[in-house]
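Coordinate inspection notes
Each chain is listed here by its residues.
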Amino acid sequence: MSNLPGVIPAIKQREEQFIAVRHSIHAHPELGFEEVATSKLVAESLRAWGYEVTAGIGGTGVVGQLRCGAGARRLGIRADMDALPIHEDTGLPYASKLPGKMHACGHDGHTAILLAAARHLADTRQFDGTLNLIFQPAEEGQGGAARMMAEGLFERFPCDAVFALHNGPTLPVGSFIVQPGVLAASADIVTIKLTGKGGHGGMPHTCVDPIVAMASIILSLQTIVSRNLPPDQPAVVSIGSAQAGSASNVIPDCARLELTVRTYNPAIQQQIESRLRELVSLQAQSFGVTAEIEWTPVTRVLVNTPEETRIAREVAEAMVGPQAIVPLPAGAMGGDDFSWMLEKVPGCYVVLGNGVGSKGGCMIHNPGYDFNDEILSLGASYWARLAETYLR
């Protein structure tokens, strides 16, 4: 591992220990709300280091609290723990041992980063106030943040500010994105079920074909962004799943579409929903099928608050220099359910460069992705320095 600027020497000395932790989590991935072993590892580690630990909040979520001094300020730092339903294709010695599940977004790295920071902060205790370390389940679309909040996260563990970090493939190692305002898109999951009348493929006139209706709806949905939204408003309507039928000579009763809707503007988000419902309903009527639409908000527009972002940026600049603070790449429409937390508590979501090319450049949600171990100690040092700065 290379020596990066800003890394705390004591954290660097334990680097191999936490890389091993990361590899163990990576080899045993757990999907949202199934993070039993990962939560147990987190809880046992925090207890051993002197944290007051609460497990089971939000299903498999864990909060470790450490108080030091008489300071009144309360800081929250979140790491996500869940994996994705993807079959890993990396060939790594610590690759997933569970077919169809892998850490394809780096949450294994985020968890290991916060654990490394937690160990250092417990050892040094160079802060004055209350530190709440939030290990969140089910970030990947199942609403883990919202569930933790519904179960009283911020009532039980009040925070004056909350921060989170995500790795950024294609960004150089040692770089950060730390900027105020909108940093990530809202993300909604939309399921459309079309019901007609099935029958023999050789006698289509006796049927009401949901597949033809589905095909027309797929094309019409692409006009929402291109023909209904202003050109200066970025938005995405992407169909990820289209399912219907099981035989070439049978017209099925039902067809099903699943899609994601993303934007940076809540008003545009509402406009897309209104237009989508209108298009689907009218298209379905024109083909004689019925349509059911299920709209599930996954993330909100993620907005970093000014003062907390200022602090987060000052810490990053002190570590790596202002030249290593880079802007959000154009066209990025990722989402994170940390956005729900930022609607409740001021805070900042930062991105830590994961590397370029073969050293961390593979995009997330890809079977070939892997978190770059080279940035683990840098991320842990960032959290440690942020905690010491905020809780002076």
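Residues numbered from 1 in each chain as written. Predicted model: local features only at pLDDT ≥ 70, side-chain atom pairs only at ≥ 80, totals over all residues. Heavy atoms only, no water.

Looking at an unreviewed UniProt entry, one finds the chain named M20 aminoacylase family protein, with Chromobacterium vaccinii as its source organism.

1. Digging into unusual backbone geometry
The phi dihedral of phenylalanine 33 falls on the positive side, at around 65°, and the residue is not glycine. If you trace the backbone, phenylalanine 33 turns up in the loop between α2 (15-27) and α3 (36-48). The phi angle at alanine 138 is positive, at roughly 55°, despite the residue not being glycine. Summarising the element assignment, alanine 138 is placed in the loop between β4 (129-136) and α5 (144-150). (Helix = DSSP H or I, 4+ residues; strand = E, 2+ residues; numbered from the N terminus.)

2. Structural notes on α3
At 3.6 residues per turn, the α-helix brings residues three or four places apart onto the same side. Here α3 is 13 residues long and its end C-alpha atoms lie 18 Å apart, about the 18 Å a rise of 1.5 Å per residue gives. Restricting attention to buried positions, one finds in α3 the residues Thr38, Ser39, Val42, Ala43, Ser45 and Leu46. Projection of α3 onto a plane perpendicular to its axis shows the buried side chains occupying an angular sector of 165°, all on one side. Exposed residues on α3 whose side chains face more than 90 degrees from its buried face are Val36, Lys40 and Ala48. (Expected span 1.5 Å × (residues − 1). Buried < 20%, exposed > 50% of the residue type's maximum accessible area, 1.4 Å probe, protein only. Arc of directions from axis to C-beta.)

3. Here's the deal with the UniProt feature "domain: Peptidase M20 dimerisation" (unreviewed entry) in the chain
Following the UniProt record, the feature "domain: Peptidase M20 dimerisation" (unreviewed entry) maps to residues 191-281 here. Along residues 191-281 one finds 37% helix and 32% strand; the C-alpha atoms at either end are 13 Å apart. (UniProt positions renumbered as here; feature names shortened; annotations may be inferred.)

4. A closer look at the packing of aromatic side chains
With the rule as written, the count across this model stands at five aromatic pairs. Residues phenylalanine 18 and tryptophan 49 carry aromatic rings whose centres are separated by 6.1 Å and whose planes lie at 65° to one another, so their mutual orientation is edge-to-face. Of the two residues, phenylalanine 18 is situated in helix α2 and tryptophan 49 in the loop between α3 and β1 (52-57); the sequence distance between them amounts to 31 residues. The pair phenylalanine 18 / tryptophan 49 is uniform in exposure class, with both members buried. A connected cluster of aromatic rings, assembled from ring pairs, spans Phe176, Tyr382 and Trp383. When the ring centre of tyrosine 390 is taken as origin, the NZ or CZ atom of arginine 73, which lies over that ring, is 3.8 Å away. Over the face of the ring belonging to phenylalanine 33 we find arginine 147, whose NZ or CZ atom lies 4.8 Å from the ring centre. (Phe/Tyr/Trp six-rings, centres within 6.5 Å; stacked < 30°, edge-to-face > 60°. Lys NZ or Arg CZ within 6 Å of the ring centre and 35° of its normal.)

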